Amino acid sequence: MSPSNTEVAALRATYEAAGQGHVFTFFDSLSTAEQTSLYAQLLTIDPSRVNAIYETAINASTTELSAEEGKISPPPTERVGTVIGQDSLAREWNAVGLEAIKAGKVAVLLMAGGQGTRLGSSAPKGCYDIGLPSGKSLFQLQAERIRRLQTVGGGVVPWYIMTSGPTRKPTEEFFEENAFFGLKKENVIFFEQGVLPCLTNDGKIFLDTRSSVAVAPDGNGGLYAGLRAPLSPTSSASVLTDLATRGIDYLHAYCVDNCLVRVADPIFLGYCITRQADCGAKVVKKTDPTESVGVVALKGGKFGVVEYSEIPTELSTATESSSGDLQFRAANIANHFYTRQFLDSVSSFDSQMAYHIARKKIPHVDLSSGQSVKPSSPNGMKLELFVFDVFPFTKSFAILEFERQTDFSPLKNAPGTGADDPETSRRDLLQEQRRWLLEAGVGFSDEKVEVELSPLVSYAGEGLEGASGLVLSRSGVVDSVEDLQKLV
């Protein structure tokens, strides 16, 4: 429905009061359909919030930290745990996590807004097939891990999937076409990360066309605003209200591109629950001080992720006298725990989180001529929030360290790159499952024998004991423990 003159005048006044009235430059010359479209888009943007985000981001980028605020130190040992060499503790934490799952108190948050552009695919990254013998996509692997966990734990684990504007429709269609990979449709909830207007260097909103604002995703930290947003235009329900309705207390959040991710990992959940943490990070051990990865550490006495380039060489190479491990070794893998109460509280400090500025070449419409402009050099900014930007605001933070080979194999690069690509993802997943079989007493006649275990057979190596003593001589896909007999 077209907006009335009164509605347009009211919205125009809001933008003019915020110093952003130029977005209406061409409004009166647009067709009715174009006016309706622009009006609808402008309704979704709060220009005062945009101004506040811009000011906070600019101040954060130009204000020099005091010596104390800029001080970087490793996380305190009392807030860090490890599963490495701690089998007994891991079993205890696993039991606590499974009990929470059985009680229906656990849900999963998946950050899946990215496309597989660098992989040569226009589809959402979760649709990607890393080349496993089964041909399963990342989405299917994760869905089946949830199904297995529901079987082992005895409770329902709802799956909240954050898409972006370009990936939402194809993601939903992919799940529909695949019958939600055996999960109940009502327990798979899609929502969208937000967008923010692209801004000039002095904070003015760019018009992409005469009838639309230039926008960009607000980063994976858009998760937090996305949790508060209505799930549909016709409903006031949000992810947060849905979590409350379901009685969910604990959430596990992760990125779609990690083929090894242990979705709703009971060990990680149990550790954080035992520590009464409101937020937690699963990390892997950084062994090379020059590795281009951020680490969870303290900055100015508050938890955060410190980029490798921010750590002076004398600190990045410093080691523990007892173990020889790097002091700054808690490599961030975007794998987090939250209580629902903490996520509810994010809105109370939302305005204090500084968005990160990315200087970009932003195509736009020239306001004086109405002509499209494609700049050859950066002419403005996109603003992003990172998912770890909430860490400084936690009251009880927990870190748990895992082996990289069991928990982290990201898919970032094009096939054939040799690192963090489909081939390394495939290799790492099959090697992990091979270790499970060996630990269960299953042998292999040859190093070339490749066996892919369905996540429905085993979540993390459990349930394979009945195959002990078998020696596998043929490669294949295993959909049940009995299938292992066929590969002897």
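Use the structure listed above.
Keep in mind it's a predicted model, so treat the numbers as computed, not measured.

*Asks:* Is there a simple way to think about the pattern of salt bridges in this case?
*Replies:* Opposite charge on two side chains lets them pair, provided their charged atoms get close. In this structure the tally under the stated criterion is 26 salt bridges. Here Arg168 and Glu192 are joined by a salt bridge, their closest N and O atoms 3.7 Å apart. Pair noted here: Arg168 is in helix H6 (residues 165–177) and Glu192 is in strand E5 (residues 188–192), with a separation of 24 residues, a long-range link. Note on Glu192: relative accessible area 33%, which makes it partly exposed. One connected set of salt bridges, linked through shared partners, spans Lys105, Asp249, Arg340 and Asp344.

*Asks:* Would you mind showing me how to read the environment of Gly126 here?
*Replies:* Take Gly126: it is sitting in the loop between strand E3 (106–111) and helix H5 (138–153). Taking relative accessible area as the criterion, Gly126 reaches 1% and is therefore assigned buried. Placed 353 residues apart in sequence, Gly126 and Asp479 show a C-alpha to C-alpha distance of 21 Å. Non-local contacts of Gly126, meaning those with residues more than four positions away in its chain, are made with Ser137, Leu138, Phe139 and Val256.

*Asks:* Help me understand unusual backbone geometry, please; the structure alone is not making it clear to me.
*Replies:* Note on backbone geometry: most residues besides glycine have negative phi, and most peptide bonds are trans. One non-glycine residue, Phe181, lies in the positive phi region at around 55 degrees. With respect to the helices and strands, Phe181 occurs in the loop between H6 and E5. Owing to a relative accessible area of 6%, Phe181 belongs among the buried residues under this scheme. Despite not being glycine, Gln276 shows a phi value in the positive range, around 55 degrees. Residue placement: Gln276 occurs in the loop between helix H9 (266–274) and strand E12 (279–285).

*Asks:* What is the right way to look at the sheet that holds strand E16 (residues 356–360) in this model?
*Replies:* Within a beta sheet, neighbouring strands are joined by backbone hydrogen bonds and run either parallel or antiparallel to one another. Spatial strand order, E7-E19-E16: three strands in an open sheet with antiparallel pairing. Of all strands in the sheet, those bounded by a partner on one side alone are strand E7 (199–200) and E16. Here helix H3 (residues 47–62) sits on the sheet and contacts E7, E16 and strand E19 (380–384); the angle it forms with E19, its principal contact strand, is near 95 degrees.

*Asks:* How should the packing of aromatic side chains be read in this particular structure?
*Replies:* In this description, a pair of aromatic rings is defined by centroid distance and the angle of the planes. Enumeration over the complete set of coordinates arrives at 19 aromatic pairs. Ring geometry for Phe24 and Phe27: centres 5.5 Å apart, planes at 55 degrees, overall tilted. When its relative accessible area of 3% is taken as the criterion, Phe24 is described as buried. Owing to a relative accessible area of 4%, Phe27 belongs among the buried residues under this scheme. Of the aromatic side chains, those joined through ring pairs into one cluster are Phe139, Trp159, Phe174, Phe175, Phe180, Phe181 and Phe190. One cation-aromatic arrangement involves Lys282 over Phe402; the distance from NZ or CZ to the ring centre is 4.1 Å. It is Arg434 that lies over the ring of Phe444; its NZ or CZ is 3.9 Å from the centre.

*Asks:* Can you walk me through the packing of helix H8 (residues 239–246) against helix H11 (residues 340–349) in this structure?
*Replies:* The packing of two helices is summarised by the inter-axis angle and the distance between the axes. Two numbers describe how H8 lies on H11: the axes approach to 11 Å, and their chain directions differ by 150 degrees. Put simply, H8 runs roughly antiparallel to H11. The two elements H8 and H11 cross, and the hand of that crossing is left-handed. For the pair formed by H8 and H11, the contact residues are Leu240, Leu243 and Ala244 on the first element and Arg340, Leu343 and Asp344 on the second.

*Asks:* I tried to follow H11 on my own but got confused; where do I start?
*Replies:* Because an α-helix packs 3.6 residues into every turn, residues spaced three or four apart end up facing the same way. All buried positions along H11 are accounted for by Arg340, Phe342, Leu343, Val346 and Phe349. Buried residues belonging to H11 abut E3, helix H7 (223–228), H8, strand E11 (250–255), E12 and strand E15 (330–339).

Parameters at a glance
Residues numbered from 1 in each chain as written. Predicted model: local features only at pLDDT ≥ 70, side-chain atom pairs only at ≥ 80, totals over all residues. Heavy atoms only, no water. Salt bridge = Lys/Arg side-chain N within 4 Å of Asp/Glu carboxyl O. Helix = DSSP H or I, 4+ residues; strand = E, 2+ residues; numbered from the N terminus. Buried < 20%, exposed > 50% of the residue type's maximum accessible area, 1.4 Å probe, protein only. Contact = heavy atoms within 4.5 Å. Pairing = 2+ DSSP bridges. Axes fitted to C-alpha atoms, helices over the stretch in contact; angles between N-to-C directions. Phe/Tyr/Trp six-rings, centres within 6.5 Å; stacked < 30°, edge-to-face > 60°. Lys NZ or Arg CZ within 6 Å of the ring centre and 35° of its normal. Parallel < 35°, antiparallel > 145°, perpendicular 65-115°, else oblique. Left-handed = near helix turned anticlockwise from the far one by under 90°.

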